[in-house]
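Fold and contact review
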Amino acid sequence: MCGIFGYLNFLVERDRRFVLDTLIKGLSRLEYRGYDSAGLAVDGDTEDQTFIFKQVGKVAALKKLVDTQEIDFEKSYISHCGMAHTRWATHGQPSQLNSHPHRSDNHNEFTLVHNGIITNYKEIKTLLEKKGFSFETETDTECVAKLTKYLYDSQKNSDITFTDLVKMVVKELEGSFAFIFKSTHFPNEIVATRRGSPLLIGVKTAKKLKVDFVDVEFGNAPDAINIPDKDPTGFMDPTEGGRPQMNRSLSRAFMSEDGMPQPIEFFLASDASAIVEHTKRVLYLEDDDIAHIADGELHIHRLRRDDGNSPATRSIQTLEIELAEIMKGSFDHFMQKEIYEQPESVVNTMRGRVNFETHKVTLGGLRGYLSIIRRARRIVFIACGTSFHSCLATRAIFEELTEIPSQVDLASDFLDRRTPIFRDDVCVFVSQSGETADTIMAMRYCLERGAVCVGITNTVGSSISRETHCGVHINAGPEIGVASTKAYTSQYIALVMMAIQLSEDRLSTTKRREEIIDGLYRLPGHVKEVLAQDANLQKLAEETLSKEKSLLLMGRGYQNATCLEGALKIKEISYMHSEGILAGELKHGPLALIDENMPVILIMTKDSLYPKVQSALQQVTARKGQPIIICNTGDDNLIRDYKTIQVPQTADCLQGLINIIPLQLLSYYLAVLGNIDVDFPRNLAKSVTVE
Ligand code: AGP
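Residues numbered from 1 in each chain as written. Predicted model: local features only at pLDDT ≥ 70, side-chain atom pairs only at ≥ 80, totals over all residues. Heavy atoms only, no water.

**Some remarks on the site of the ligand**
With respect to spatial proximity, 15 residues lie near the ligand, and among them Ser387, Ser431, Ser433, Thr436 and Glu572 are the closest. Ser387 places a side-chain nitrogen or oxygen 2.5 Å from an oxygen atom of the ligand. In this structure, Glu572 approaches the ligand through a side-chain N or O atom, which is 2.3 Å from an oxygen atom. Classifying every residue of the shell around the ligand by side-chain character gives five nonpolar, eight polar and two charged. (Near = heavy atom within 4 Å. Polar contact = N/O pair within 3.5 Å; in protein donor to acceptor, adjacent residues only side chain to side chain. Nonpolar A, V, L, I, M, F, W, Y, C, P; charged D, E, K, R; others polar.)

Written out as structure tokens, the structure is:
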């Protein structure tokens, strides 16, 4: 989804070329999130000028556009604020006009970039139109730029600060957002804020920062800028209300140790991948934080008066990712790299948590909540897409080991149903990004109802990891490809580990736990064995499947989730219609699709349901179907009679971790053969931050 990047330098001399290149590079690091157009804004030649460049298509096309401008690339700045954006269209088609940054007027007095959706934009637009504003785009965002100007003009004689102006704007907005604001009225200042969409700020200095936190500056009046409640038209009367009353504190962190302002650069971004090559020192904004950067200092204000619960500081943390982790290296695509990383990523998920000798699992992030979770009346797993499949894949082992009734819900449906949730429920939110809008909304819904909320995410500092009571980071490393691969296997393992730890007080399940932990020990080797079949899978994709229009994947029990996940992978990156079918349901409908022309993959690895899947095989072959079978190595009858993909056998509840690998590779090769941009499939985004 949309990506935001901002760059500010203070007392560090940079020329325009450097600023533009930094912004464009920042955008290229966010490309993986999915987008259809890009744009940026930098200072013009005079203080009252802002240059905006926008282009449909790739960041490379924006770069080309910028490079051909007749502007002075050598112009140098001691202090400068630039911002950039990749847009994933929600309101209005991808077009140059609809791309961000959006502006308040022809003079670009206020420019901004936005990630998220403003749900009350129509009301704001109607009102502004009545006030004489005209709109040039179809976006929801433009009304925010115009609203900023409207409020600024109404306050003109009151010396309003940029921070207070943005506060007034944000108070009028409904929906989700992360914004960066820039203005010719406030040169070299930037205000950034968020609600529901991620935004972090990287800090780069040559000298050490004095402290590693930033004080939050709470207003000391009931409302920080004393503005009256909304008037009936939806806007406050900006002429009423007193002067801002802020508790101004020194921004202690940004002085050098000798107490002097120091050369400093700030990087704002939707995620850490755009920042890590510049600095590892970052601060995550909380919802309703208003960050103001000017004169080399970062001040964090709150939109509203302190409710007594917000922490008084934001800590400056150290990113743990390396630049190499977000580079493709020798692989052709991120997806391929990530599939191949799985022998290591599964180990990283278990590292320090599973003791293979004592057969014990310790998940530090759940400490303190284990006894509450064990007493839960029910466990509700909530997620979207691949993350939902990891929950489905592990529900049975959860129920078996914990004996707690468990349900798995798609976040959007969970919300649509307004599912009843009680204080003695435990709700588990699984999300690679930790920023998926539907999952976050479901989490907040459950928090409001008093349930214990557990987060399982890959992104430290994400909304889900910050807002849940406890949780597990899956530690799979950054996943850039839109198709989730290593995150799936790591989520799966994290959930299995959680089930094991929850059941450690049950003697009756000791043997079962030991069998699973032994299986986890052998897992990296098993994954490698499957990866070694890469060439065969490529051949299978090329010779048997690439010309097909459709592909059915069938299995049952633990392998139902594998079929659904495999089908999702195939459709999302190869655009081939694919469906995961519970083999037990065949005769209730899907069997009608079967004939000699319908491609079928049947998962028949050995577990207690094997005889039942055999009967599904007979139902398919009796209709002249010629399935490709995923079976265990050594299952000679199948290997003799059918086209097979052979995988090593493991504990039933872990078999899905191995069986998904050939399907990931098949989907990858089908996409490559179809000449599809594997890492950026059409219409999709990596991080789905809108409803
Ligand atoms: C899977 O390949 C997808 N790209 C998608 O289904 C994804 O899993 C889903 O959007 C949920 O994302 P999350 O894990 O970041 O919450």
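**Looking at the nonpolar core**
If you look at the biggest cluster of nonpolar residues, it comprises 87 residues, and the most contacted ones within it are Val428, Val454, Ile456, Met498, Ile601 and Leu666. Looking at this core element by element, the count peaks at 12 residues for helix α13 (residues 486–502). Ignoring anything within four residues of it in the chain, the contact list for Ile601 reads Leu545, Leu551, Leu552, Leu553, Met554, Ile628, Ile630, Leu663 and Leu666. In terms of nonpolar packing, the next biggest core, distinct from the first, is built from 36 residues, Tyr7, Ile24, Ala38 and Phe267 among them. (Core = buried A, V, L, I, M, F, W, Y, C linked by side-chain atoms within 4.5 Å. Buried < 20%, exposed > 50% of the residue type's maximum accessible area, 1.4 Å probe, protein only. Helix = DSSP H or I, 4+ residues; strand = E, 2+ residues; numbered from the N terminus. Contact = heavy atoms within 4.5 Å.)

**Here's the deal with the pairing of strand β6 (residues 110–118)**
Among the nine residues in β6, nine count as buried, and that is most of the element. Across two bridges, the pairing between strand β5 (residues 102–103) and β6 is antiparallel. Residue pairing for β6: His102 is matched across the bridge by Leu112. Hairpin connection between β5 and β6: a loop of six residues separates the two successive antiparallel strands, and Asn108 in this loop has a positive phi of roughly 55°. Of the strand pairs in this sheet, β6 and strand β7 (residues 175–183) are connected by nine bridges, and their pairing is antiparallel. Counterpart to Asn115 in the pairing with β7 is Ala178. (Pairing = 2+ DSSP bridges.)

**Considerations on the sheet that holds strand β23 (residues 470–473)**
The strand order across the open sheet built from five strands is β20-β19-β21-β22-β23, with neighbouring strands paired in parallel fashion. Where the open sheet ends on each side, the last strands, each with one partner, are β20 (406–410) and β23. Recorded for the sheet is a direction-independent mean angle of 20° between the axes of neighbouring strands. Here strand β21 (residues 425–431) runs beside strand β22 (residues 452–457); their pairing, made up of six bridges, is parallel. Along β22, the bridge assignment pairs Val428 with Val454. Across the face of the sheet, helix α9 (residues 385–402) comes into contact with β19 (378–383), β20 and β21 while running at roughly 170° to β20. Against the sheet, helix α11 (residues 437–448) makes contact with β19, β21 and β22, and its axis sits at roughly 165° relative to β21, the strand it touches most. (Axes fitted to C-alpha atoms, helices over the stretch in contact; angles between N-to-C directions.)

**Some thoughts on the packing of aromatic side chains**
The final tally for this structure, using the stated rule, is 16 aromatic pairs. Judged by centre distance (6.1 Å) and plane angle (55°), the rings of Tyr7 and Phe18 are tilted. Taken as a pair, Tyr7 in strand β1 (residues 3–15) and Phe18 in helix α1 (residues 16–30) lie far apart in primary sequence, 11 residues in all. Through a chain of ring-to-ring contacts, three or more aromatic side chains come together here, namely Phe110, Tyr152, Phe162 and Phe186. (Phe/Tyr/Trp six-rings, centres within 6.5 Å; stacked < 30°, edge-to-face > 60°.)

**Some remarks on the confidence of the model for the protein chain**
Overall, the predicted model of the protein chain reaches an average pLDDT of 90, with 93% of residues at or above 70. In this model, residues 220–250 is a region of pLDDT below 50 whose contacts with residues beyond four sequence positions or in other chains number 69 contacts. (pLDDT = per-residue confidence, 0-100.)

**Observations regarding the pattern of salt bridges**
Counted under the stated rule, the structure contains 38 salt bridges. Arg314 is the partner of Asp289 in a salt bridge, and the nearest nitrogen-oxygen pair spans 2.6 Å. With a gap of 25 residues between them, Asp289 in strand β13 (residues 289–294) and Arg314 in strand β15 (residues 313–315) connect regions that are remote in the sequence. Assessed through its relative accessible area of 0%, Asp289 is described here as buried. A relative accessible area of 4% places Arg314 in the buried class. In this structure, Arg417 engages Asp413 in a salt bridge whose closest nitrogen and oxygen atoms are separated by 2.8 Å. For Arg417, a relative accessible area of 38% gives the class partly exposed. Judged by its relative accessible area of 33%, Asp413 is partly exposed. One continuous salt-bridge network, built from bridges that share partners, spans Arg17, Asp21, Lys63 and Asp67. (Salt bridge = Lys/Arg side-chain N within 4 Å of Asp/Glu carboxyl O.)

**A word on the sheet that holds strand β8 (residues 190–195)**
Spatial strand order, β5-β6-β7-β8-β13-β14-β10-β15: eight strands in an open sheet with mixed pairing. Two strands close off the open sheet at either side, each with one partner strand: β5 and β15. Along the sheet face, helix α4 (residues 142–155) touches β5, β6 and β7 and points at about 130° away from the line of β6. Across the sheet, helix α5 (residues 162–171) touches β6, β7, β8, β13 and β14 (297–302), and the angle it forms with β8 is around 30°.

**Re the pairing of strand β28 (residues 643–647)**
Here is the key point about a regular strand: its side chains alternate between the two faces of the sheet. Where strand β27 (residues 628–632) meets β28, five bridges bridge the pair, whose relative direction is parallel. Following the sheet pairing, Ile628 is matched in β28 by Lys643. Considered for its hand, the β-α-β crossover made up of β27, helix α18 (residues 636–641) and β28 is right-handed. (Right-handed = clockwise from strand over helix to strand, strands pointing away.)

**Let's talk about unusual backbone geometry**
A cis geometry characterises the amide bond from His100 onward to Pro101, with omega recorded as 0°. Along the polypeptide, Pro101 turns up in the loop between β4 (76–87) and β5. In this structure, Asn108 takes a positive phi of about 55° despite not being glycine. Among the secondary structure elements, Asn108 is positioned in the loop between β5 and β6. Non-glycine residue Tyr575 carries a positive phi angle of around 65°.

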